[in-house]
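# Architecture at a glance
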Amino acid sequence: MPLTPLDIHNKEFGRRLRGYDEDEVNEFLDQVIKDYESIIRENKELQNQMLNLQEKLNHFSNIEETLSKTIIVAQEAADEVRNNAKKEAQLIIKESEKNADRIINESLAKSRKVSLEVEELKKQASIYRARFRTLVEAQLELLSQDGWDTLENQQPASQISFNEQLQRG
């Protein structure tokens, strides 16, 4: 067990003949007590400071550990977000490509359909023109036949009966 200032103060030395001067020894012991008390106080202050610094060190170590963990978690989250964004971008690209293919295929199908309809309309127009030409030619042929001349010269039956009625009349 270490000495205390009180132990030094209460220490009694045996007396002998031709021993040390008692006043000098007491003065020296008083000086030792003061110095020892001062060292003990300083030691306690240093221990308190050390405890305080140790607490701060522990606190900062905890903060450092927490920050490290937070950085790791943030980095993992950023990596996950980046990976998810890449996957989503790839899905969007694939879907866009599918939509583009679908739109192109639909456009091609519509284009083919329109082309077929145009061809069909051209055929129908050609057939109509041929039929109309045939009809017009037939009508022209009818007009150019000799039968029209005889029809022009004949009087209708209703005119004859009217003329006959006038003569009888």
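Above this text you will find the structure in question.
Bear in mind that the values here come from a model prediction, so they are computed numbers and not experimental data. (Residues numbered from 1 in each chain as written. Predicted model: local features only at pLDDT ≥ 70, side-chain atom pairs only at ≥ 80, totals over all residues. Heavy atoms only, no water.)

## As for the layout of surface pockets
Of the volumes computed, that of the largest pocket is approximately 410 Å³. Elements with a minimum of two residues in the lining of the largest pocket: α1 (5-10) and α2 (22-144). The biggest single contributor to the lining of the largest pocket is α2, with 4 residues. Within the lining of the largest pocket, the residues separate by chemical class into 5 nonpolar, 5 polar and 7 charged. (1 Å grid on protein atoms, 1.4 Å probe; cavity = no way out; pocket = protein on both sides within 12 Å on 5 of 7 lines; lining within 4 Å. Points joined across faces, edges and corners; volume = space filled by probe spheres on them. Helix = DSSP H or I, 4+ residues; strand = E, 2+ residues; numbered from the N terminus. Nonpolar A, V, L, I, M, F, W, Y, C, P; charged D, E, K, R; others polar.)

## What about the environment of L3?
Tracing the sequence through the fold places L3 in the segment before α1. Distance in space between the C-alpha atoms of L3 and Y36 is 9.3 Å, their sequence separation being 33 residues. Sequence-distant contacts of L3, defined by excluding residues within four places in its chain, comprise I8 and Y36. (Contact = heavy atoms within 4.5 Å.)

## Details of a negative patch on the surface
A grouping of D21, D23, E24, E27 and D30 is seen on the molecular surface, where their side chains present a negatively charged patch. Looking at the secondary structure, you find D30 in helix α2. (Patch = residues over 30% accessible without salt bridge, like charges linked within 9 Å, V, L, I, M, F, W, Y side chains within 5 Å. Areas by Shrake-Rupley, 256 points an atom, 1.4 Å probe, with all protein chains shown as cover. Salt bridge = Lys/Arg side-chain N within 4 Å of Asp/Glu carboxyl O. Lys, Arg positive; Asp, Glu negative; His and termini not counted. Charge placed at Lys NZ, Arg CZ, Asp CG, Glu CD.)

## What to know about the pattern of salt bridges
On inspection of all chains with the given rule, the structure shows 4 salt bridges. The partner of D79 in a salt bridge is R82, with the nearest N and O atoms 2.9 Å apart. Residue D79 and its partner R82 are both found in helix α2; the two are separated by 3 residues, about one turn of the helix. Accessibility expressed as a relative area gives 30% for D79, which makes it partly exposed. (Buried < 20%, exposed > 50% of the residue type's maximum accessible area, 1.4 Å probe, protein only.)

## A few points about the packing of aromatic side chains
The relative placement of two aromatic rings is captured by the distance of their centres and the angle of their planes. Summed over the entire model, instances satisfying the criterion amount to 1 aromatic pair. Ring centres 6.0 Å apart and planes at 15° place the aromatic pair Y128 and F132 in the stacked group. Of this pair, Y128 and F132 both sit in helix α2, 4 residues apart, which is roughly one turn of the helix. For F132, a relative accessible area of 46% puts it in the partly exposed group. (Phe/Tyr/Trp six-rings, centres within 6.5 Å; stacked < 30°, edge-to-face > 60°.)

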